[in-house]
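# Structural description and commentary
Spelled out, the chains give:
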Amino acid sequence: MPEGPELHLASCYINTVCAGLIFSGKVEKSEVSKNPEVLFESDAYVISATSRGKEIKLTLMPLKEEKNTLPGRGKGRAGQSQNGPQQPMDLVFRFGMSGSFKLTSRAELPKHAHLRFYTKESPCRALCFVDFRRFGRWEVNGMWQPDRGPCVMLEYEKFRENVLRNLSDKAFNKPICEALLNQKFFNGIGNYLRAEILYRLKIPPFEKARTVLEALQHRKQSPDLTLSKKVKLKRENPDLLELCHAVPMEVIHMGGKGYGLEPSDDAAAFEEWLQCYYVPGMRSLRDGNGRTIWFQGEPGPMAPKGEKSHKRRSQVNADPEPPSPKVTKPVPKRSSKGSTSQEKVAKQSGKKKGKDLVQGAKNDKANEARKPNTRSRRKASASQESPTSEAPAADRKRQASARRSKGAAATAPRSRRVKAE
């Protein structure tokens, strides 16, 4: 999220790239943006920018007096009167999560350019307010927000006085990590800046803000010290409010991060500069506003109960394994539609048969498990029977035929005797 240093770098960028450029025509807003229309039109005007904390102000200044190009309009928000010239206009921007300014050619406008100012040259260029998350806001004829305090970077003395004079405010009843995000007193401080400031001073993030800042009211340097010694002591032993000014200025002098003049972002330098924010080995907790604070050591007495601190592990890049060769399977050639439909039917029937076979095998196994072991019962019953019952069937047939032959022999002589009588 852009913080005070990023908005100051953006104002420097605008003043540098717009130096000597003349803009012309209407200010164009994207259709998807919910911000107000900018009713400004001039044949020739220039653009300049100033920053204050987390706000940036663009001033559109016409170069000459012009007749109103929009007849029928009375004096309105755009600063136009019915017969008067186009008046200068101030636009106050707050970047949200991803706002920035870019100067590009008209033919290559960024995808998320939600406000565009066109130059009076050929080929035409455009100064664009780019915001892909669309959390950024602008106000027409806007002014600095009255509830924001002095800038920690450009108004240091006023900023320090505003904090120490209002330590009785209820904002300082909260932990110091939450108070540092209050723009009423710390205009320009954001999430990564507060982590770096507290880490350098070894202040627990959940220490009460008033307890930390009250000690600065009684801090006075000896009047016998020379100016050079006073400056040296401040550099070697800065207090919290001094670091609220010095740490953002370090980021400004470093530049880059996509807000400077270079087209490529030099994020590596910024990551090397960070000592605490999202650095491996540091701990993290969520504050009362749901924002993550990074720190080292104990969190402090006002740490949220039930929250467990998480420690970021360092990521070790192992040697990458050689990529395995890709095996390309041959793709079978498809024939006509009829053959493909027949193949589909055959496949489906084959699948059904396979399913039936598998299901039948499962049922057979289940039935075998349910059937009693009749073979063992037959063996037991056969062992209990007499030996006569074990005679083979062929012997029994021979005995029966022998008995029938004897009976026939006995009846034959009797019939003969009856005939003789």
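Residues numbered from 1 in each chain as written. Predicted model: local features only at pLDDT ≥ 70, side-chain atom pairs only at ≥ 80, totals over all residues. Heavy atoms only, no water.

### Remarks on the overall build of the protein
What the protein contains, in helices and strands, is eleven helices and twelve strands. For the protein, restricting intrachain contacts to residue pairs at least 6 apart in sequence, the fraction spanning at least 24 positions comes to 68%. With the model as given, the accessible surface of the protein reaches about 27700 Å², and the carbon-plus-sulfur share is 52%. (Helix = DSSP H or I, 4+ residues; strand = E, 2+ residues; numbered from the N terminus. Contact = heavy atoms within 4.5 Å. Areas by Shrake-Rupley, 256 points an atom, 1.4 Å probe, with all protein chains shown as cover.)

### Topic: unusual backbone geometry
The omega torsion of the bond from S122 to P123 falls at 0°, within 30 degrees of zero and hence cis. Of note in the backbone geometry, R134 takes a positive phi value of approximately 60° without being a glycine. Relative to the elements of secondary structure, R134 occurs in the loop between β8 (125–130) and β9 (137–140).

### Side note on the pairing of strand β4 (residues 55–62)
Taken across its eight residues, β4 has seven buried, putting it largely inside the fold. Examined bridge by bridge, strand β3 (residues 41–52) and β4 share eight bridges and lie antiparallel to one another. Following the sheet pairing, S51 is matched in β4 by I56. (Buried < 20%, exposed > 50% of the residue type's maximum accessible area, 1.4 Å probe, protein only. Pairing = 2+ DSSP bridges.)

### Examining the packing of helix α2 (residues 156–165) against helix α7 (residues 240–254)
Remark: α2 packs on α7, axes separated minimally by 10 Å, with the N-to-C direction vectors making an angle of 145°. Here the hand of the crossing between α2 and α7 comes out right-handed. Between α2 and α7, the residues in contact are Y156, F159, R160, V163 and L164 and L241, E242, C244 and H245, respectively. (Axes fitted to C-alpha atoms, helices over the stretch in contact; angles between N-to-C directions. Left-handed = near helix turned anticlockwise from the far one by under 90°.)

### Structural notes on the sheet that holds strand β5 (residues 89–94)
Taken in spatial order, the five strands line up as β1-β3-β4-β5-β9 in an open sheet, and their pairing is antiparallel. The open sheet has two free edges, formed respectively by β1 (23–26) and β9, since each of these has just one partner strand. Strand after strand, the sheet turns through a mean of 35° between neighbouring axes, direction not considered. Direction of pairing for β5 relative to β9: antiparallel, over a ladder of four bridges. Across the sheet, residue V92 finds its bridge partner in β9, namely E139. Across the face of the sheet, helix α1 (residues 4–17) comes into contact with β3, β4 and β5 while running at roughly 150° to β3.

### Remarks on helix α5 (residues 209–217)
Taken together, the buried positions of α5 are A209, R210, V212, L213 and L216. What you see down the axis of α5 is that its buried residues fit within an arc of 160°, all on one side. Of the surrounding elements, those touching the buried residues of α5 are α2, α3 (176–179) and α7. (Arc of directions from axis to C-beta.)

### What to know about the environment of L180
Within the secondary structure, L180 sits in the loop between α3 and α4 (191–201). Given a relative accessible area of 0%, L180 falls into the buried group. For the pair L180 and I197, spaced 17 residues apart in sequence, the C-alpha to C-alpha distance is 9.8 Å. Among all residues touching L180, those that are not within four sequence positions of it are F186, I189, R194, L198 and C244.

### Some remarks on the nonpolar core
For soluble globular proteins, nonpolar side chains are generally found buried alongside one another. In terms of nonpolar packing, the biggest core is built from 48 residues, with V163, F186, L213 and L240 touching the most fellow members. Put simply, the parts of the chain that give this core at least two residues each are α2, α3, α4, α5, α7, α8 (267–273) and β11 (292–295). Broken down by element, this core gets its largest block of residues, eight residues, from α7. Not counting residues within four places of it along the chain, the set of residues in contact with L240 comprises I176, I197, L198, L201, I203, V212, L213 and L216. (Core = buried A, V, L, I, M, F, W, Y, C linked by side-chain atoms within 4.5 Å.)

### Points about the packing of aromatic side chains
For the structure shown, the criterion picks out 17 aromatic pairs. Taking 6.5 Å as the distance between ring centres and 50° as the angle between the ring planes, the aromatic pair formed by Y277 and Y278 counts as tilted. Its relative accessible area of 24% is what places Y277 among the partly exposed residues. Exposure remark for Y278: the relative accessible area of 46% places this residue in the partly exposed category. One aromatic cluster is present, formed by Y192, F270, W273, Y277, Y278 and W294 through successive ring pairs. In this structure, R106 packs its charged tip against the face of Y118, placed 4.1 Å from the ring centre. (Phe/Tyr/Trp six-rings, centres within 6.5 Å; stacked < 30°, edge-to-face > 60°. Lys NZ or Arg CZ within 6 Å of the ring centre and 35° of its normal.)

### Points about the sheet that holds strand β10 (residues 283–286)
Read from one edge of the open sheet, three strands run β11-β10-β12, paired in antiparallel fashion. Of all strands in the sheet, those bounded by a partner on one side alone are β11 and β12 (310–311). In this structure, β10 lies alongside β12, joined through two bridges in antiparallel fashion. Bridged to S284 within β12 is H310.

### Side note on the confidence of the model for the protein
Per-residue confidence for the protein averages 79 on the pLDDT scale, and 63% of its residues sit at or above 70. By mean pLDDT, the top-scoring element of the protein is α3 (98), and the lowest-scoring one is helix α10 (residues 374–384) (49). Every residue in residues 379–390 scores below 50 in pLDDT, and together they form two contacts with partners more than four places removed in sequence or on other chains. (pLDDT = per-residue confidence, 0-100.)

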